[in-house]
Amino acid sequence: MPLYLGLDCGTQSLNALVIESEGREVVLERTLPFDEAFPGYGTVNGALPGDDPLVVEAPPLLWAEALDRMMGLVAAGLGPELARVAAVTGSAQQHGSVYLSSGAEPILRGLDPAGPLVDQIRTIFARERAPIWMDASTSAECAEITEAVGGPDALAHLTGSCAFERFTGPQIRKLARTDPEAWRHTGRVHLVSSYLASLLMGGDAPVDIGDGSGMNLLDLSRGVWAESALDATAPDLRAKLPSVVPSATVVGRLSRYWTRRHGFPPADVVAWTGDNPSSLVGVGAVEPGVTAVSLGTSDTLFAPMTDPAPDPSGAAHVFGAPTGGFMSLVCFRNGSLARERVRDRFGLDWNGFSEALRSTPPGNGGAIMLPWFEPEITPPVLEAGVCARGLDEADAGANVRAVVEGQMMSMVRHSSWATPRVERIHATGGAARNTEILQVMADVFDAPVYRIDVSNSACLGAALRAMHAHASSAGPPVAWRRVVEGFVSPSSDRVVRPRAGAVEVYRRHAPEHEAFEEASLRRRRR
Ligand code: XUL
């Protein structure tokens, strides 16, 4: 029975997960934290320290060295079973860009299994650093691209998103302008995902539609590079970009480097994608009606969509979905960050936090909190500052309820452009362990919430995508529901159901919340 390898190159670590399709089992999991495992690169939380806090970069050579070591760990872990690996793909932090020189491809094609990968690719970079998604230094480029394409609405309708500092197009524009020499030497601009796929196949891997939509460069509805966006971004860009393919494309096979050096079979290499598109699969949000909510430091909501109509407020994104069609991505910066602030202010632990939710009524007697402890992404709030109405500052229970209700009301409101009707929610992340938080979510969304216990959804998503693409390439396309079954099956003993009385309270409460949020945003803009 075949095995499928999924890799995930996150900001701080490279992860691997191998699944077995027949028994629906995860047979191996490994992780390599960048800072600890590769101290020579001097990264801190996966990025290179620098003087300008807006500039955040990482060394692409580190990702290559990590890939080489990880493939060795997977080979050692699987032993004789390694021969069963049929397909491999991965996901990577989105938006980051790797600049390869014109002479890179022949070097990638001729990698010698006798020596380590890093020693052979040191010269392939037109630039030794890759800007990553945490970089916020391209506001001027965002404004220029937006204007050249015809304004924020035009850009969002074309590419799925307004211009964002971390998106690849603005990053490319900045490089082309500030370092024209490096731009001249750049033969290929890769995403982190397509760069790593290129290393595996020993060649020039395409960009997939999912990760490609985090660039402000792709005509999302047609799945091709958007000429007007390319022209607005940098000279000669068309020739420097890889081709674009649907996510389920087999783009090559593991090259001789991997088969000889680590003993892998010449398994299919499937196009890599971004970590968010991959997580869509990894949490089982593979059909319309299912919305995924990840409750982490930030909270993230994503869901499959059939049309690529963008968020009218401009705050969120539409990406291509690896399952076909599209997906929404809405980020709320004040996630666990805000819940922890309230918890700590009242000296509670998580049990105390839950107890506070249990002992307070839905609707909180009309008290509202907009939990902008830090600047917020959705809705856009530039300066931190919590807004509250009717809330007794000294009442621990009311404040705990207010922060969670404020978050959930905001989630419903700011995701309804993409998902007017949520049939069920798959909740992941640390705070998904807290049933009382999930109860508020279920009541506010009026939908059952299933707790999904997957620690690395992007990595599992990659392994599942490898399985799907491999199986579909040999016969008729395999249904996504069948692919995720057994790996991310939400079980009914983990479901938190909405309660009719509470649902009604929140339905009545929603216009007030909306009015308060709008008034607060207006006050801040003044
Ligand atoms: C999404 C984004 C992050 C990175 C993190 O737009 O910037 O989620 O993908 O890896």
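Everything here concerns the structure above.
## Some thoughts on the sheet that holds strand β18 (residues 317–320)
Part 1 of the argument: Taking strand neighbours across the sheet as the criterion, the seven strands line up as β18-β19-β17-β16-β22-β23-β24 in an open arrangement whose pairing is mixed. In this open sheet, the two edge strands, each paired with only one partner strand, are β18 and β24 (495–496).
Part 2 of the argument: Looking at chain direction, strand β16 (residues 290–295) and strand β22 (residues 424–428) are connected through five bridges and run parallel. Across the sheet, the residue bridging to V290 is R424, located in β22.
Part 3 of the argument: Helix α17 (residues 396–415) contacts β16, β17 (299–305) and β19 (326–332) of the sheet and is inclined by roughly 145° relative to β19.

## Comments concerning the site of the ligand
Part 1 of the argument: The environment of the ligand is made up of Q93, Q94, H95, W133, R166, D275, N276 and L329.
Part 2 of the argument: One of the backbone nitrogen or oxygen atoms of Q94 is found 3.1 Å away from an oxygen atom of the ligand.
Part 3 of the argument: With respect to the ligand, the side chain of D275 contributes an N or O atom lying 2.4 Å from an oxygen atom.
Part 4 of the argument: Bound to the protein, the ligand loses 87% of the 290 Å² it would expose on its own.
Part 5 of the argument: Of the residues contributing to the shell around the ligand, the split by class is two nonpolar, four polar and two charged.

## Quick word on the packing of aromatic side chains
Part 1 of the argument: The tally for this structure, following the rule as stated, stands at four aromatic pairs.
Part 2 of the argument: For the ring pair F164 and F167, a centre distance of 5.6 Å and an interplane angle of 40° mean the geometry is tilted.
Part 3 of the argument: In this structure F164 comes out as buried when scored by relative accessible area, which is 16%.
Part 4 of the argument: Seen from their ring centres, W350 and F353 are 5.0 Å apart, and the 75° between their planes marks the pair as edge-to-face. One end of the pair is W350 and the other is F353, both in helix α16 (residues 350–358) and three residues apart, which spans about a single turn.
Part 5 of the argument: By relative accessible area, which is 33% here, W350 ends up partly exposed.

## A short note on the side chain of T168
Part 1 of the argument: Inspection of the secondary structure puts T168 in helix α7 (residues 168–178).
Part 2 of the argument: Residue T168 is classed as buried on the basis of its relative accessible area, which comes to 0%.
Part 3 of the argument: Engagement of the side chain of T168 in a polar contact is seen with the backbone oxygen of H95, the distance being 2.9 Å.

## Some points on the environment of S255
Part 1 of the argument: Mapped onto the fold, S255 is located in the loop between β13 (250–253) and α13 (256–262).
Part 2 of the argument: The class of S255 is buried, set by a relative accessible area of 13%.
Part 3 of the argument: For the pair S255 and M134, spaced 121 residues apart in sequence, the C-alpha separation works out to 32 Å.
Part 4 of the argument: Sequence-distant contacts of S255, defined by excluding residues within four places in its chain, comprise L199, L200, M201 and G202.

## Quick word on a positive patch on the surface
Part 1 of the argument: Together, R522, R523, R524, R525 and R526 make up a positively charged patch on the protein surface.
Part 2 of the argument: Along the chain, R524 falls in helix α21 (residues 500–525).
Part 3 of the argument: The class of R524 is partly exposed, set by a relative accessible area of 32%.

## With respect to the pairing of strand β6 (residues 97–101)
Part 1 of the argument: For β6, a buried count of five out of five residues is recorded, marking the element as mostly surrounded by other parts of the structure.
Part 2 of the argument: Where burial is concerned, the two faces of β6 agree: the one with S97, Y99 and S101 and the one with V98 and L100 are both buried.
Part 3 of the argument: Of the strand pairs in this sheet, β6 and strand β8 (residues 186–191) are connected by five bridges, and their pairing is antiparallel. Looking at the pairing, V98 lines up with H190 of β8.

## A short note on the nonpolar core
Looking at soluble globular proteins, one finds that nonpolar side chains tend to be buried together.
Part 1 of the argument: Judged by nonpolar contacts, the single largest core of 60 residues is most densely connected at L5, L7, W63, I121, Y195 and L200.
Part 2 of the argument: Broken down by element, this core gets its largest block of residues, 11 residues, from helix α2 (residues 60–78).
Part 3 of the argument: Among residues more than four places away in sequence, those in contact with L5 are A16, L17, V18, M71, V74, V85, A87, V88, T89, F264, A463 and A466.
Part 4 of the argument: The next biggest cluster of nonpolar side chains, apart from the first, holds 47 residues, and it includes V293, A356, M409 and V444.

## Some details on the environment of G103
Part 1 of the argument: With respect to the helices and strands, the residue G103 is situated in the loop between β6 and α3 (104–109).
Part 2 of the argument: Sequence separation of G103 and R522 is 419 residues, and the distance between their C-alpha atoms is 53 Å.

Cut-offs and rules
- Residues numbered from 1 in each chain as written.
- Predicted model: local features only at pLDDT ≥ 70, side-chain atom pairs only at ≥ 80, totals over all residues.
- Heavy atoms only, no water.
- Pairing = 2+ DSSP bridges.
- Helix = DSSP H or I, 4+ residues; strand = E, 2+ residues; numbered from the N terminus.
- Contact = heavy atoms within 4.5 Å.
- Axes fitted to C-alpha atoms, helices over the stretch in contact; angles between N-to-C directions.
- Near = heavy atom within 4 Å.
- Polar contact = N/O pair within 3.5 Å; in protein donor to acceptor, adjacent residues only side chain to side chain.
- Areas by Shrake-Rupley, 256 points an atom, 1.4 Å probe, with all protein chains shown as cover.
- Nonpolar A, V, L, I, M, F, W, Y, C, P; charged D, E, K, R; others polar.
- Phe/Tyr/Trp six-rings, centres within 6.5 Å; stacked < 30°, edge-to-face > 60°.
- Buried < 20%, exposed > 50% of the residue type's maximum accessible area, 1.4 Å probe, protein only.
- Patch = residues over 30% accessible without salt bridge, like charges linked within 9 Å, V, L, I, M, F, W, Y side chains within 5 Å.
- Salt bridge = Lys/Arg side-chain N within 4 Å of Asp/Glu carboxyl O.
- Lys, Arg positive; Asp, Glu negative; His and termini not counted.
- Charge placed at Lys NZ, Arg CZ, Asp CG, Glu CD.
- Core = buried A, V, L, I, M, F, W, Y, C linked by side-chain atoms within 4.5 Å.

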